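# A closer look at the structure
Each chain, letter by letter, is given below.
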Amino acid sequence: MTAELAFVAATEADSDRLSDIMLGEPGQLTTDVGMRLFGMSDHRKAQRLWRIINRNGEAWRHVTLAKSGGETVGILMNASLDVSLSASLLLRATLMFGPLWLLRLPGRMKLQRRVQTEGPAGAYSVSELHVAPSARGGGIGAALLVEAEGQARAGGHDAMTLQTLTENPAIHLYERFGFEVVETRTDPDYEAIAGVGGYHRMVKRLA
Ligand SMILES: CC(C)(COP(=O)(O)OP(=O)(O)OC[C@H]1O[C@@H](n2cnc3c(N)ncnc32)[C@H](O)[C@@H]1OP(=O)(O)O)[C@@H](O)C(=O)NCCC(=O)NCCS
């Protein structure tokens, strides 16, 4: 499957597709954790909001697509999205999810911050790595990491870094690729809402 893969920079026209791959599907760990944390039970509404956030934040500017037979099957993002909570975004989200959602939002964002870790200065950051559900298990995730390492070396970085949920099976993929856990941040209040302990910060040194 990886033999026919091509890696291309995303364009604005790819915004919704990359957003959908990033959000994932119900039942997927990262999707369920995000929806629980931000008090969303309707995946279609979450998808609508997430598409708006990614369009507004121009996420596509930081995304490399993995393409197979012309289809986008995976995404690599190398910068964290600066989600600016404009009044219009909050209004749209409140119309979708209700006023209680808005009231809970600051507390949920605070919980999210409690388990966030920071990568070493100057490291290339794999901020998002996702493969479309039907294409998983065929080496595309590993191939995207090889692509990321190529970008990191070309950019003169001496390390790569990423953050992953403490329960994410993707940790095995990262360890196989040479990443090591350098920090773990968990929080009981976060776990009570999100259903997972927190995050591991992982680093791979580039010799
Ligand atoms: C993680 C992910 C990008 C890997 O892509 P992939 O093309 O399936 O990966 P590969 O085929 O190259 O490697 C398979 C490895 O993926 C990991 N994996 C398997 N199932 C997984 C799942 N449901 N969720 C996350 N990782 C998984 C395992 O480490 C597996 O290796 P192992 O079988 O030796 O344990 C993909 O599973 C995915 O998009 N998962 C959902 C989103 C996610 O968790 N992204 C990582 C955020 S840090």
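A few points on the structure. Everything quoted here is computed from the prediction, not taken from an experiment.

Whether parallel or antiparallel, the strands of a sheet pair through hydrogen bonds between backbone atoms. Across the sheet, which stays open at both edges, the four strands sit in the order S1-S2-S3-S5 with antiparallel pairing between neighbours. Where the open sheet ends on each side, the last strands, each with one partner, are strand S1 (5-9) and strand S5 (128-131). Taken pair by pair, the neighbouring strands of this sheet meet at an average axis angle of 25°, ignoring direction. In this structure, strand S2 (residues 63-68) lies alongside strand S3 (residues 71-77), joined through six bridges in antiparallel fashion. Its bridge partner lying in S3, Val63 is registered against Met77. The strands that helix H1 (residues 15-23) touches are S2, S3 and S5; relative to S3, the one it contacts most, it runs at about 70°.

What follows is about the packing of H1 against helix H3 (residues 43-56). One way to put it is that H1 packs onto H3 with a least axis distance of 9 Å and a crossing angle of 125°. Between H1 and H3, the crossing angle belongs to the class labelled oblique. Once H1 is placed against H3, the crossing between them reads as right-handed. When H1 is examined against H3, the residues Ser15, Asp16, Ser19, Asp20, Met22 and Leu23 are found in contact with a partner set consisting of His43, Ala46, Gln47, Trp50, Arg51, Asn54 and Arg55.

Our next topic: the site of the ligand. The ligand sits among 21 residues. The nearest are Val131, Gly137, Gly139, Gly141 and Arg176. With respect to the ligand, the side chain of Arg136 contributes an N or O atom lying 3.3 Å from an oxygen atom. A distance of 2.9 Å separates an oxygen atom of the ligand from a polar atom in the side chain of Asn168. Taking 850 Å² as the accessible area of the ligand by itself, protein coverage stands at 74%. Broken down by secondary-structure element, the contributors of at least two residues to the shell around the ligand are S5, helix H6 (140-154), strand S6 (159-165) and helix H7 (170-176). It is H7 that contributes the most residues to the shell around the ligand, five residues altogether. Tallied by class, residues from the shell around the ligand come to eight nonpolar, 11 polar and two charged.

The next point concerns the side chain of Arg201. Mapped onto the elements, Arg201 comes out in strand S8 (residues 198-205). Here Arg201 sits buried without a salt bridge, and the closest side chain of opposite charge, Glu183, lies 5.7 Å off (N-O distance). Of note is the side chain of Arg201, whose polar atom sits 2.8 Å from the backbone oxygen of Thr117. Of the polar contacts made by the side chain of Arg201, one reaches the side chain of Thr161; its length is 2.9 Å. Not counting chain neighbours up to four residues away, the residues in contact with Arg201 comprise Thr117, Glu118, Gly119, Thr161, Leu162, Gln163, Glu180, Val181, Val182 and Glu183.

As a further point, take the side chain of Ser15. Considering the arrangement of structural elements, one finds Ser15 in helix H1. On the basis of relative accessible area, Ser15 is assigned to the buried category, the value being 2%. In this structure Ser15 touches Asn54, Arg55 and Trp60, once residues within four positions along its chain are discounted.

Procedures and definitions
Residues numbered from 1 in each chain as written. Predicted model: local features only at pLDDT ≥ 70, side-chain atom pairs only at ≥ 80, totals over all residues. Heavy atoms only, no water. Pairing = 2+ DSSP bridges. Helix = DSSP H or I, 4+ residues; strand = E, 2+ residues; numbered from the N terminus. Axes fitted to C-alpha atoms, helices over the stretch in contact; angles between N-to-C directions. Contact = heavy atoms within 4.5 Å. Parallel < 35°, antiparallel > 145°, perpendicular 65-115°, else oblique. Left-handed = near helix turned anticlockwise from the far one by under 90°. Near = heavy atom within 4 Å. Polar contact = N/O pair within 3.5 Å; in protein donor to acceptor, adjacent residues only side chain to side chain. Areas by Shrake-Rupley, 256 points an atom, 1.4 Å probe, with all protein chains shown as cover. Nonpolar A, V, L, I, M, F, W, Y, C, P; charged D, E, K, R; others polar. Buried < 20%, exposed > 50% of the residue type's maximum accessible area, 1.4 Å probe, protein only. Lys, Arg positive; Asp, Glu negative; His and termini not counted. Salt bridge = Lys/Arg side-chain N within 4 Å of Asp/Glu carboxyl O.

Geometry only, nothing functional implied.
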